[in-house]
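Chain by chain, the residues:
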Amino acid sequence: MKLNLSVLKTLKVLKEEGTFFEEEAIRITQGVGLKYVYIGNVPGHKYNSTFCPKCDKRLIHRIHFSVLSNNIKDGKCKFCQYEIHGIWR
Ligand SMILES: [Zn+2]
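Criteria and thresholds
- Residues numbered from 1 in each chain as written.
- Predicted model: local features only at pLDDT ≥ 70, side-chain atom pairs only at ≥ 80, totals over all residues.
- Helix = DSSP H or I, 4+ residues; strand = E, 2+ residues; numbered from the N terminus.
- Buried ≥ 20, exposed ≤ 12 C-beta atoms within 10 Å, placed from the backbone.
- Contact = placed C-beta atoms within 7 Å.
- Pairing = 2+ DSSP bridges.

Engineer: Give me the lowdown on the overall build of the protein, citing residues and values where you can.
Structural biologist: Helix and strand counts for the protein come out as two helices and five strands. Ordered by position in the sequence, the α and β elements of the protein form the string α-α-β-β-β-β-β. For the protein, the residues scored as buried account for 9% of the 89 residues in total. In the protein, the share of contacts with a sequence separation of at least 24, taken over all contacts with a separation of at least 6, comes to 18%.

If you want it as structure tokens, here you go:
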């Protein structure tokens with residue numbers, strides 16, 4: 001099995017800086033325009049939830065697989081009315 005040394009160096013730096021790899025992944029994906037990325041399998045982490053890309057308020061509050069609250073009403077953020085694309089039933 002080949003290991004990519006640049007990836008290993010990046011992970012080592014992230015670990016030394018105390019940055020969670022998952023948070024770095026969120027930052028990178030938001031930087032390329034993905035709006036609704038969230039972290040899975042880290043129950044209780046802030047980014048286990050989904051946030052509004054316009055007002056940054058919590059749209060879907062999750063803990064692991066449970067949805068505690070859903071602030072999308074009629075396909076829009078209930079706080080700022082930003083349209084949230086998707087199928088909401
Ligand atoms: Zn909003």
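Engineer: Now, about the pairing of strand β3 (residues 66-70): what can you tell me, with residues and values included?
Structural biologist: Of all five residues that make up β3, zero are buried, and the element is exposed over most of its length. One ladder, built from four bridges, connects strand β2 (residues 58-63) with β3; its direction is antiparallel. Each residue of the ladder has a partner; that of Arg62, found in β3, is Val67. The hairpin formed by β2 and β3 contains two residues between the paired strands, and His64 there has a positive phi angle of roughly 60°.

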